[in-house]
Amino acid sequence: MKPVKVGLMGLGTVGGGTVSVLHRNAEEIARRAGRGIVISHAAARDYNPEGIDGLGRIGTIGDDAWAVVNDPEVKIVVELIGGYSPAKELVLQAIENGKHVVTANKALIAMHGNEIFAAAQHKGVTVAFEAAVAGGIPIIKALREGLAANRIEWIAGIINGTGNFILTEMRDKGRQFDEVLREAQALGYAEANPVFDVEGIDAAHKLTILGSLAYGIPLQFDKCYIEGITRITPEDVSYAADLGYRIKHLGITRKTEQGVELRVHPTLIPERRLIANVDGVMNAVLVQGDAVGPTLYYGAGAGAEPTASAVVADLVDVVRTLTTDPNNRVPHLAFQADALSDTPVLGMDEVETAYYLHLKVLDKPGVLATIAGILGDAGISIEATQQKEPLEGQSVVPLVLLTQRVKEKAMNAALAAIAETDLTADEIVRIRVERLM
Ligand code: HSE
C-alpha cells in the first residue's frame, strides 16, 4: 500500500522532533500503522534545521500553512503552530477539506474544541490531540480507552513541566524564580508566552481537556479556576516541608454530587505520595477510577521528542482508522458526542479542601486564641499550628496553620474576619491541601 501523505504546519521544537522521530523510526512506525507515513508538505515561517533529521525527505517545505491544508495530496494535517489563531482557522479548513487533523495545541482544543469536534464529526474525520496534555504521557488514550470501564472519581496532575521545574529548583537549590524560568525557556519547555506556564493557564487548558474526557462534559475552559505559582515563596516551600508536605502545582478535577470541580492551583501534598516526588520538567497524572482504584502516569511533559512521541502515536492511530466507519471510531471526548452531559462545573465557593495558612501576626498574648476562635466560629477545625522564627528585620512572626477540610466559602469568610482584626500584617497566604487518597 502507498504511504500516507501528511502535511505539517510548524517546525519549532515539537515540529522538529516529529520530523526526526518519523524519520528515525519509519520502519517500526510503518509496521505498526500498516503503511508508511511520509511528510509530503510542510510549512514554517522560520525554523532552525539544526538537529532535525529527515528534513531533506520532506517533499515541499514552504512558508504558507494554507497551502498545506489545501493540498489535495495531504490526508492528515499535523498542526504544531500553537496559539488560537490562525491555528483554529487552519484546522477548520483542513476539516472542511476532509482531512484528519493531529494537533498538540491544548489552547486550541480547550477553547475551541467543541466547535472543532462538531465540524470533524460532520465531515467524518478525526481530530487527535494526545500531545496536547502531558507531552509524551499517553493520558488521553488511557482515559478514553484503558479506563473506559470506570467512573472516574478524580484526577490530579502535574501537567505543566515548566512550573514543576521552577518549583523543584526553588526547593532543591534555592534558585530564583526568574532565573529558572529563563532556563526552562532556553530548554524549549516554556510556552511562547511563559505567563501561560507560571500563571497556570497552560495547566488549565490541559485540565479542561482531562475533565471533559473524565466526565463526558463539553469543554469549558472559562469555568476552570486558575491560580499560578508566581506567589509561592521559599518560606512557604520550607514551612510546608516542615509539616511533611511538598508544594506542587496541580490540576484537579473531581466529580461530586453537586457537579464537577475544575481547578488549577498550588497544592500541598504529603511528601510520601509518589506524585509529590515528580520533579523537574516531568509530568504525572493520578487518576482514581471506581473499579481500578488509583493509577499513576508519569513521563516527560514537554520537549521535542517526548511530545513528538504523542504526535506520531496519533498519526499511527489515524492511519489505522482511515478505512473504518467514522461512527465507530473512539469518540473525541471519550463519550459519544450525543451522550455528553450538562453536569455543572462548580464555582470555587463550593469546593471543599483542607488549607495551609501562613499569617504574619503580632507577637503578643491572645493573638493565636483570637485567630483560632474565628476559625472555630466558622466551623473550621485546626489540625496543626507552628510559630516560626521572625524573618530578619521584621517585628511580626510567621504563624502557620493546617486546617481540616472545609468549603472555600467558609474559609473566605473566616480569612476576611481575621484580616479585619488588625492582628495580621500583609496578605494571608492560603494554599489548598490535598491528601490524594
Ligand atoms: N509549556 C508546557 C509545559 C509545554 O511546560 O508543560 C508542554 O505543554
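All values reported here derive from a predicted model rather than from experimental measurement.

Scoring rules and cut-offs
- Residues numbered from 1 in each chain as written.
- Predicted model: local features only at pLDDT ≥ 70, side-chain atom pairs only at ≥ 80, totals over all residues.
- Heavy atoms only, no water.
- Near = heavy atom within 4 Å.
- Polar contact = N/O pair within 3.5 Å; in protein donor to acceptor, adjacent residues only side chain to side chain.
- Areas by Shrake-Rupley, 256 points an atom, 1.4 Å probe, with all protein chains shown as cover.
- Helix = DSSP H or I, 4+ residues; strand = E, 2+ residues; numbered from the N terminus.
- Nonpolar A, V, L, I, M, F, W, Y, C, P; charged D, E, K, R; others polar.
- Salt bridge = Lys/Arg side-chain N within 4 Å of Asp/Glu carboxyl O.
- Buried < 20%, exposed > 50% of the residue type's maximum accessible area, 1.4 Å probe, protein only.
- Contact = heavy atoms within 4.5 Å.
- Domains from an automatic or database assignment.
- Buried area = accessible area lost by both parts, 1.4 Å probe.
- Arc of directions from axis to C-beta.
- Phe/Tyr/Trp six-rings, centres within 6.5 Å; stacked < 30°, edge-to-face > 60°.

*Asks:* Give a description of the site of the ligand that names residues and reports values.
*Replies:* Residues in contact with the ligand, as listed here, are Lys106, Asn160, Gly161, Thr162, Tyr189, Ala190, Glu191, Asp197, Asp202, Lys206, Gly301 and Ala302. At 2.8 Å from a nitrogen atom of the ligand is found a main-chain nitrogen or oxygen belonging to Tyr189. For the ligand, the accessible surface in isolation is 260 Å², of which the surrounding protein chains cover 92%. Elements with a contribution of two residues or more to the shell around the ligand: α7 (161-173) and α10 (201-215). By residue class, the composition of the shell around the ligand is three nonpolar, four polar and five charged.

*Asks:* Lay out the pattern of salt bridges in plain terms, naming residues and giving numbers.
*Replies:* Where charged atoms from two side chains of opposite charge approach closely, those side chains can pair. Summed over all chains, the structure comprises 32 salt bridges. The salt bridge partner of Asp317 is Arg320, with a shortest N-O separation of 3.8 Å. Placement of both Asp317 and Arg320 in helix α12 (residues 304-321) is noted, with a separation of three residues, approximately one turn of the helix. Judged by its relative accessible area of 44%, Arg320 is partly exposed. In this structure, the salt-bridge partner of Arg405 is Glu434, at a minimum N-O distance of 3.8 Å. Linking Arg405 in the loop between β15 (396-403) and β16 (406-407) with Glu434 in the segment after β17 (424-433), this pair joins segments that are 29 residues apart in sequence. Judged by its relative accessible area of 41%, Arg405 falls in the partly exposed class. A cluster of three or more residues bridged by salt bridges with shared partners is formed by Arg254, Glu261, Arg263, Glu352, Arg405 and Glu434.

*Asks:* Could you give an account of the environment of Ser341, with specific residues and numbers?
*Replies:* Looking at the element boundaries, Ser341 is found in the loop between α12 and β13 (352-362). By relative accessible area, Ser341 is classed as partly exposed at 25%. Separated by 172 residues in the primary sequence, Ser341 and Glu169 place their C-alpha atoms 41 Å from one another. Non-local contacts of Ser341, meaning those with residues more than four positions away in its chain, are made with Tyr215, Gly216, Ile217 and Pro218. At a separation of 2.8 Å, a polar atom in the side chain of Ser341 contacts the side chain of Thr343.

*Asks:* Would you mind going over the environment of Leu368 in detail, with residue names and values included?
*Replies:* In this structure, Leu368 sits in helix α13 (residues 367-377). When the C-alpha positions of Leu368 and Gln387 are compared, they lie 9.7 Å apart, and in sequence the two are 19 residues distant. Excluding its chain neighbours within four sequence positions, the residues that come into contact with Leu368 are Leu399 and Leu401.

*Asks:* Run through the domain arrangement of the chain, naming residues and quoting values.
*Replies:* In many reports, interface size means the accessible area that the parts give up when they come together. Assigned domains of the chain: these are domain 1 (4-138 + 304-338), domain 2 (139-300) and domain 3 (351-433). Counting residues at the interface gives 18 residues for domain 2, matched by 18 residues for domain 3. Together, the buried faces of domain 2 and domain 3 total about 1500 Å²; carbon and sulfur atoms form 61% of this surface. Among the residues of domain 2 in contact with domain 3, Tyr239, Leu243 and Leu268 are the three that bury the most area, contributing 38% of the side total. Our enumeration of links across domain 2 and domain 3 arrives at three salt bridges. Inspection of the domain 2/domain 3 interface yields six residue pairs in polar contact (both at pLDDT 80 or more). Only α11 (234-242), β9 (245-255) and β10 (260-270) provide two or more residues apiece to the side of domain 2 that touches domain 3. In terms of residues, the side of domain 2 that touches domain 3 owes the most to one element, β10, which gives six residues.

*Asks:* Lay out helix α4 (residues 87-96) in plain terms, naming residues and giving numbers.
*Replies:* Looking at α4, one finds that the buried residues are Ala87, Lys88, Leu90, Val91, Ala94 and Ile95. What you see down the axis of α4 is that its buried residues fit within an arc of 165°, all on one side. Those residues of α4 hidden inside the fold are in contact with β1 (4-9), α3 (65-69), β4 (76-79), β5 (100-103), α5 (106-123) and β6 (127-128). A positive backbone phi angle near 80° is found at Gly98, which sits one or two residues after α4.

*Asks:* So, the packing of aromatic side chains: which residues are in play, and what are the values?
*Replies:* Each aromatic ring pair is summarised here by two numbers: the centre-to-centre distance and the angle between the ring planes. Throughout the structure, instances matching the rule amount to two aromatic pairs. With centroids separated by 6.1 Å and ring planes inclined at 80°, the aromatic side chains of Phe165 and Tyr189 adopt a geometry described as edge-to-face. One end of the pair, Phe165, is in helix α7; the other, Tyr189, is in the loop between α8 (177-186) and α9 (195-198), and 24 residues separate them in sequence.

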